[in-house]
Amino acid sequence: MRLLVLFCISALALAQAGCTHQPPGLGQALSGDHRSDESRARDVYRHPAETLAFFGVRDDMSVVEIWPGPRGWYTEILAPLLRENGKLYAAQFPPDSDIPFYTRSLEKYRNKLASRPDVYDRVEITYLYPPEHTAIAPPGSADAVLTFRNVHNWAKAGNADAVFRAMYEALKPGGILGVVEHRARPGLSLEEQISNGYMTEKYVIDSATAAGFAFEASSDINANPRDSTDHPAGVWSLPPTLRNGQDKIDYYLEIGESDRMTLKFIKPANGT
């Protein structure tokens with residue numbers, strides 16, 4: 001019994017998914033010298049080992065990471081994990097975007113990949129921004145699509161439905177959609193959600209199921225009960241953004257990163 005408990009990442013955190021094992025190579029990916037001290041410092045808030053285990057990610061899967069951003073925090077983990085036996089698609093911001101942040105982010109991400117070809121040489125960049133860019137992987141080819149703290153951006157842009165549909169199209173029947181998002185208190189209006197960056201679980205679940213996904217399970221792996229979700233600059237008051245500057249910085253650092261939902265969806269076996 002003691003050995004079983006040790007092999008389980010967290011019986012409490014993964015109660016909904018049972019005793020889920022870390023995929024082979026995850027420990028090495030997390031401890032690799034390609035990860036900076038700054039990246040490692042986020043592990044305590046983002047729980048990558050537990051999160052990927054909850055989503056059922058294995059080292060032989062074809063995985064799409066949605067909008068990695070300039071730092072590619074999860075790319076640092078997924079790229080080495082999948083490099084030998086799997087495949088990683090990075091669905092990035094499109095190069096023809098008229099939004100400077102997106103084009104700068106893409107350039108920084110490309111530079112990051114180029115800086116360590118021994119880690120990132122097999123990452124394939126695709127582009128996501130509906131309606132022009134939705135081919136994030138060959139249709140029906142991906143075992144898993146993962147998105148971390150992006151839903152509020154799609155809601156603000158008014159293209160959440162199209163993004164969820166693009167993720168559905170990329171997945172094989174039976175494939176996994178894993179969503180981590182800042183969690184709003186229930187009943188918050190969509191306008192308030194967009195304004196403060198926290199989304200309700202209902203909004204995310206409704207958006208996914210409207211695209212055809214079946215809701216599978218939720219977890220509090222990335223919950224943070226210290227986060228009231230009520231801050232002057234919304235979720236961006238908290239680290240790592242700290243938009244309020246030095247104003248109450250110790251208070252926000254004590255809270256840590258946001259309270260987050262962790263939701264797992266499945267594309268039905270008969271999904272088309």
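Here, every reference points to the structure presented above.
Residues numbered from 1 in each chain as written. Predicted model: local features only at pLDDT ≥ 70, side-chain atom pairs only at ≥ 80, totals over all residues. Heavy atoms only, no water.

**Points about helix α10 (residues 160-170)**
Logical step 1: Along α10, the positions that sit buried rather than exposed are Ala 160, Val 163, Phe 164, Ala 166, Met 167, Tyr 168 and Ala 170.
Logical step 2: For α10, the elements touching its buried residues are β1 (62-66), β4 (142-148), α9 (151-157), β5 (171-182) and α12 (201-210). (Buried < 20%, exposed > 50% of the residue type's maximum accessible area, 1.4 Å probe, protein only. Helix = DSSP H or I, 4+ residues; strand = E, 2+ residues; numbered from the N terminus. Contact = heavy atoms within 4.5 Å.)

**Focus: the side chain of Thr 229**
Logical step 1: Mapped onto the elements of the fold, Thr 229 is located in the loop between β6 (214-219) and α13 (249-255).
Logical step 2: Not counting residues within four places of it along the chain, the set of residues in contact with Thr 229 comprises Arg 183, Arg 185, Asn 196 and Tyr 198.

**Considering the pairing of β4**
Logical step 1: The element β4 is extensively covered by neighbouring structure, given that seven of its seven residues are classed as buried.
Logical step 2: In this sheet, β4 lies alongside β1 in parallel orientation, the contact comprising four bridges. Residue pairing for β4: Ile 66 is matched across the bridge by Thr 147.
Logical step 3: Pairing analysis gives six bridges linking β4 to β5, with the strands arranged parallel. When the sheet's bridge partners are listed, Leu 146 is paired in β5 with Gly 178. (Pairing = 2+ DSSP bridges.)

**Comments concerning the pairing of strand β2 (residues 87-92)**
The side chains of a regular strand alternate, first on one face of the sheet and then on the other.
Logical step 1: Among the six residues that make up β2, five are buried, leaving the element largely enclosed by the rest of the structure.
Logical step 2: One ladder, built from five bridges, connects β1 with β2; its direction is parallel. Its bridge partner lying in β2, Ile 66 is registered against Ala 91.
Logical step 3: This β-α-β element, β1 to helix α6 (residues 75-82) to β2, shows right-handed connectivity.
Logical step 4: Relative to strand β3 (residues 124-127), β2 runs parallel, the two being bridged by four bridges. By the bridge assignment, Ala 90 is partnered in β3 with Ile 125. (Right-handed = clockwise from strand over helix to strand, strands pointing away.)

**Focus: the pattern of salt bridges**
Side-chain pairs of opposite charge can arise where the charged atoms are in close proximity.
Logical step 1: By the definition in use, this model includes 19 salt bridges.
Logical step 2: In this structure, the salt-bridge partner of Asp 121 is Arg 83, at a minimum N-O distance of 2.8 Å. One end of the pair, Asp 121, is in the loop between α8 (117-120) and β3; the other, Arg 83, is in the loop between α6 and β2, with 38 residues separating them in the sequence.
Logical step 3: Among the residues examined, Asp 121 registers a relative accessible area of 42% and is labelled partly exposed. (Salt bridge = Lys/Arg side-chain N within 4 Å of Asp/Glu carboxyl O.)

**Things to note about the sheet that holds β4**
Logical step 1: One open sheet holds the seven strands; their spatial order is β3-β2-β1-β4-β5-β7-β6, and the pairing between them is mixed. In this open sheet, the two edge strands, each paired with only one partner strand, are β3 and β6. Each strand of the sheet is rotated relative to its neighbour by a mean of 20°, with strand direction disregarded.
Logical step 2: Lying over the sheet, helix α5 (residues 48-55) contacts β4, β5, β6 and β7 (260-266), oriented at roughly 25° with respect to β7.
Logical step 3: Across the sheet, helix α7 (residues 100-115) is in contact with β2 and β3; its angle to β3 comes to roughly 170°. (Axes fitted to C-alpha atoms, helices over the stretch in contact; angles between N-to-C directions.)

**Focus on the nonpolar core**
Logical step 1: Formed by 34 residues in total, the largest nonpolar core has its most connected members in Ile 66, Met 167, Leu 177 and Val 204.
Logical step 2: Looking at this core, the element that brings in the most residues is α10, giving seven residues.
Logical step 3: Excluding anything up to four places from it in sequence, Ile 66 contacts Ala 91, Leu 128, Ile 136, Val 145, Leu 146, Thr 147, Asn 150, Trp 154 and Met 167.
Logical step 4: Listed in part, the 32 residues of the second largest apolar core include Ala 49, Phe 54, Leu 113 and Tyr 120. (Core = buried A, V, L, I, M, F, W, Y, C linked by side-chain atoms within 4.5 Å.)

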